[in-house]
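Residues per chain, in single letters:
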Amino acid sequence: MAAAKVECLWLVAWGWSWIMQSQGQQTYVNNKQLDCYNPAFDNFTHGFHCNALRSSCQSYLTFRSAPPYYTTPVSISYLLGAPQSASLVASLNNVSSDFASVPADTQLIVPVTCSCHARRYYQHNATYALKLPTETYFNVANDTYQGLSTCQAMIAQNPYGDRNLTVGMQLQVPLRCACPTANQTAMGFNYLVTYMVTWGDSISSIAQLFGVPQQSILDANELSSTSIIFPFTPILVPLTTQPTALKPPVDGPPPAAPSPQIPIVPAAEDNSSTNRKWVFVGVGLGVALLLVFMLLGLLFWYRRLHPKPKPILHTSLPNDKPLQSDSAVVPCSKSWSTSSDGVAFAIESLTVYKFDDLQKATSYFSEDNRIKGSVYKGSFKGDAAAVKVVKGDVSGEINILKKINHSNIIRMSGFCLHDGNTYLVYELADHGALSDCLRDVPALTWKQRVQIAHDVADALNYLHNYTNPPYVHKNLKSSNILLDANLRAKLANFGLARVLENEGETDTGGMHLTRHVVGTQGYMAPEYMENGVITPKLDVFAFGVVMLELLSGKEAAPEKNAGEEMLSASINGVLEGDNVRQQFYGFMDPSLGNQYPLDLAFSLAQLAQTCVSPDINARPFITQVVISISKILSSSLDWDPSLELQSSKSISSGR
């Protein structure tokens, strides 16, 4: 009887506490998310409490576009675990399409489903595959996800210890969201937006941005008019209707200035913690100022010791003007008889080598130093490089590579002109061309092949969408993909690259026409061979062929008189019919044996098939390709060969 009374009293107390909670709102995190290992903050940092009438609701997050990866509705939607919402994100934020890039730091509204987790905290779950060995719960939560999650919540909901994280691990990322409480619903508020505070924000400016009463935001976050809010912390904003694209208000009063008074500390606040916070801020500012003065001092002494040389060439002419004879003399070698305004411009960012130095670096272009064709290995003050001897006009390639900086694009360090030849100096790719590595022993592993595909797709995405102006490579093939010492891919040979000058044409299929069709059999898209049509989809087609080479180990084009079809055409027969499993096994590179995940290999083959579609409109944009390959790579890094027998059953024989 006594036990029953105790249980009854406990239920009454729990029910009363729930009723009281349902009348309350959510506690502002107040920078406590920065201390990952303080258990006293768990109640604030694990999420917003499930204190509403519903266990699940429509909610909204804000996310600021972050180059180079998260700049389109589709990439941001995938990151936030809402891929099906990409079109809605585009329409809500007045973006032209799912794959259209938006300017950096543009604030987007992202709709998500918010649900109560373990009957304690509201959240929307996203998954994230670690990409760098330096990533931690802290920087994934606060940098990648911009504070939409916390390191405390991630540590609590992932099985991996914070010191045992490795590249490729799939992490659950609980994103902070909430549903309206009974009080908010009674006042007509139907939605809650998780808004990320940034520099210069105040409660009044946020209220003005969303067009809601300031008091409603204060109540929703248990704040007072004297409370301080911090950048990169989430604030709940209650709305009566669904949000639309956010535009800073032009009219109305300016944001409220921070109060000069010492902030009032709530009773539950740890005073020593707050005091330490301001001490840290002061120390941080002092250190920052000291570093600035030190850097200025170093810069002053550097400039005194290394005065800027006087220009020896005029550089006012267009950057991309072709090499011409007798326009100026470049002091690289006395034997130079040609130069150019294009070369003059390139001198600003590239090294101009002396021919004597190239001879010494390559042992006078000896056969022992020949890498392949007209490419030689060289050593400049102990640094290895590749020296390529080229005849004819190479100003186009020089002008492109001097502007480009991407880890998956070969880096040019300089050049030299001598007796009508151009000598281009590149970083050395130790393993040579992919076309050769595919036939080497030991064979490339499955994970290495998918990583190479991802690297090349990333490089193309950079060329198509992040260079200014954008470029089409136009000569993508396995022999123009070089592999460094770590077997990471470097896109090379930009001699045929073409500028896409029309703004926005990369994601809308902008088109150029040419009568001069040049390329390699097996890699050229049909619209280019037949009509000279040049679009970014030309590179997508060639990349599809490269993916098929990575899968099969076969060459893009059969030998003459072999009577076989092109690799790009052969994939259709492999993925269709009544015996797809055996056909696909026969298509895969036999040097892989069974050491590859059948499901993922099949997915990569399907992606390659869409890329080599004869219909240009059926091919995806490279942004879509990157997203698909990223998921395949992430799953491949987690793949365990011992589980292959089980996973391979997911492909039915009738597929």
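Please refer to the structure placed before this passage.
Residues numbered from 1 in each chain as written. Predicted model: local features only at pLDDT ≥ 70, side-chain atom pairs only at ≥ 80, totals over all residues. Heavy atoms only, no water.

What's the story with the pairing of strand β12 (residues 375-380) in this structure? I'm lost.
In summary, the side chains of a regular strand alternate between the two faces of the sheet. Of the two faces of β12, only one is covered, namely that formed by Tyr376, Gly378 and Phe380; the face formed by Val375, Lys377 and Ser379 stays uncovered. From the end of strand β11 (residues 370-372) to the start of β12, which pair antiparallel, there are two residues, and Gly373 there has a positive phi angle of about 60°. Pairing analysis gives six bridges linking β12 to strand β13 (residues 383-391), with the strands arranged antiparallel. Looking at the pairing, Gly378 lines up with Ala385 of β13. As consecutive antiparallel partners, β12 and β13 are separated by two residues, and within that stretch Lys381 has a phi angle of approximately 55°, a positive value. (Buried < 20%, exposed > 50% of the residue type's maximum accessible area, 1.4 Å probe, protein only. Helix = DSSP H or I, 4+ residues; strand = E, 2+ residues; numbered from the N terminus. Pairing = 2+ DSSP bridges.)

For this particular structure, what's the right way to read the state of the cysteines?
The bond known as a disulfide is covalent and runs between the sulfur atoms of two cysteines. Considering all chains together, one arrives at four disulfides under this definition. Across a sulfur-sulfur distance of 2.0 Å, Cys50 and Cys116 are joined as a disulfide pair. Torsion about the S-S bond of the Cys50 and Cys116 cystine: about 110°, corresponding to right-handed handedness. Here the residue Cys50 occupies a position in the loop between β1 (48-49) and β2 (56-64), and Cys116 occupies one in strand β3 (residues 107-117), the gap between them amounting to 66 residues. We classify Cys50 as buried; its relative accessible area is 13%. With relative accessibility at 25%, the residue Cys116 sits in the partly exposed group. Bridging Cys57 to Cys179, the disulfide has an S-S length of 2.1 Å. (Disulfide = S-S within 2.5 Å.)

Where do I start with unusual backbone geometry in this structure?
Most peptide bonds are trans, and most residues other than glycine sit at a negative phi. Pro67 connects to Pro68 through a cis peptide bond whose omega is 5°. Along the chain, the position of Pro68 falls in the loop between β2 and α3 (73-79). A cis amide bond, omega 5°, links Asn468 with the succeeding residue Pro469. Along the chain, the position of Pro469 falls in the loop between α15 (446-465) and β17 (471-472). Even without being a glycine, Asn94 presents a positive backbone phi close to 55°. Assignment of secondary structure puts Asn94 in the loop between α4 (86-92) and β3.

Is there a simple way to think about helix α19 (residues 580-587) in this case?
Because the α-helix completes a turn every 3.6 residues, residues three or four places apart line up on one side. Looking only at α19, the buried set comprises Val580, Phe584 and Phe587. Looking down the long axis of α19, one finds its buried residues gathered within 55° of arc, a one-sided arrangement. On its buried face, α19 is in contact with α17 (536-552), α18 (567-574) and α20 (598-611). (Arc of directions from axis to C-beta. Contact = heavy atoms within 4.5 Å.)

Explain the pattern of salt bridges to me, please; I cannot follow it from the model alone.
Close approach of charged atoms allows side chains with opposite charge to pair. Applying the stated criterion across every chain, the model contains six salt bridges. Here Arg370 and Glu367 are joined by a salt bridge, their closest N and O atoms 2.7 Å apart. Accessibility expressed as a relative area gives 33% for Arg370, which makes it partly exposed. Note on Glu367: relative accessible area 55%, which makes it exposed. Residue Lys490 pairs with Glu427 through a salt bridge whose shortest N-O separation is 3.7 Å. A residue pair is termed long-range when its members are at least 10 positions apart, and Lys490 in strand β19 (residues 489-491) and Glu427 in strand β15 (residues 421-427) qualify at 63 residues. Here Lys490 falls in the buried class, since its relative accessible area comes to 11%. (Salt bridge = Lys/Arg side-chain N within 4 Å of Asp/Glu carboxyl O.)

Quick question: what am I supposed to make of the packing of α17 against α20 here?
How two helices sit against one another is set out by the angle between their axes and by the gap between those axes. At a minimum axis separation of 8 Å, α17 and α20 run at an interaxial angle of 150°. Overall, the two elements α17 and α20 adopt an arrangement that is roughly antiparallel. At the point where α17 passes α20, the crossing takes the left-handed sense. Residues Val540, Phe541, Gly544, Met547, Leu548 and Leu551 of α17 pack against Ala601, Leu604, Ala605, Leu607, Ala608 and Cys611 of α20. When grouped by side-chain class, the residues that make up the contact of α17 with α20 number 11 nonpolar, one polar and no charged. (Axes fitted to C-alpha atoms, helices over the stretch in contact; angles between N-to-C directions. Parallel < 35°, antiparallel > 145°, perpendicular 65-115°, else oblique. Left-handed = near helix turned anticlockwise from the far one by under 90°. Nonpolar A, V, L, I, M, F, W, Y, C, P; charged D, E, K, R; others polar.)

For this particular structure, what's the right way to read the environment of Asp589?
Checked against the element boundaries, Asp589 lands in the loop between α19 and α20. Residues Asp589 and Ser552, spaced 37 residues apart in sequence, show a C-alpha to C-alpha distance of 4.1 Å. Every residue in contact with Asp589, bar those within four places of it in the chain, is listed here: Leu438, Arg449, Leu551, Ser552 and Gly553. Reaching out from Asp589, the side chain makes a polar contact with the side chain of Ser591 at a distance of 2.9 Å. (Polar contact = N/O pair within 3.5 Å; in protein donor to acceptor, adjacent residues only side chain to side chain.)

I tried to follow the nonpolar core on my own but got confused; where do I start?
What tends to happen in soluble globular proteins is that the nonpolar side chains get buried as a cluster. Phe543 and Phe584 are the most contacted members of the largest nonpolar core, which has 85 residues in total. Not counting the four nearest positions on each side in its chain, Phe543 is found in contact with Ala453, Val456, Ala457, Leu460, Leu476, Val625 and Ile629. Judged by nonpolar contacts, the second largest core, of 44 residues, contains Val112, Cys114, Tyr145 and Met196. (Core = buried A, V, L, I, M, F, W, Y, C linked by side-chain atoms within 4.5 Å.)

How should empty space enclosed by the protein be read in this particular structure?
Over the atoms a probe the size of a water molecule is rolled, and this reveals where empty space is left. Tallied over the entire structure, the rule returns four cavities of 30 Å³ or more. Of the volumes computed, that of the largest cavity is approximately 90 Å³. In this structure, the largest cavity is lined by Lys474, Asn475, Leu476, Gly519, Thr520, Tyr523, Met524, Tyr528, Leu538, Asp539 and Ala542. Among the elements that line the lining of the largest cavity, the one with the most residues is α17, at three residues. By volume, the second largest cavity amounts to about 40 Å³. Secondary-structure elements contributing two or more residues to the lining of the second largest cavity are α2 (42-45) and β1. Considered class by class, the residues forming the lining of the second largest cavity number two nonpolar, five polar and one charged. (1 Å grid on protein atoms, 1.4 Å probe; cavity = no way out; pocket = protein on both sides within 12 Å on 5 of 7 lines; lining within 4 Å. Points joined across faces, edges and corners; volume = space filled by probe spheres on them.)

Can you walk me through the packing of α20 against helix α21 (residues 622-638) in this structure?
Viewed as axis vectors pointing N to C, α20 and α21 meet at an angle of 165°, and their least axial separation amounts to 10 Å. Taken as axis vectors, α20 and α21 run roughly antiparallel relative to one another. Seen from above, α20 lies across α21 with left-handed handedness. Along the contact surface, α20 presents Leu600, Ser603, Leu604, Leu607 and Cys611, while α21 presents Val625, Ser628, Ile629, Ile632, Ser635 and Ser636. Here the residues of the contact of α20 with α21 are counted per class, giving seven nonpolar, four polar and no charged.

Purely geometric stuff here, so don't read any function into it on its own.
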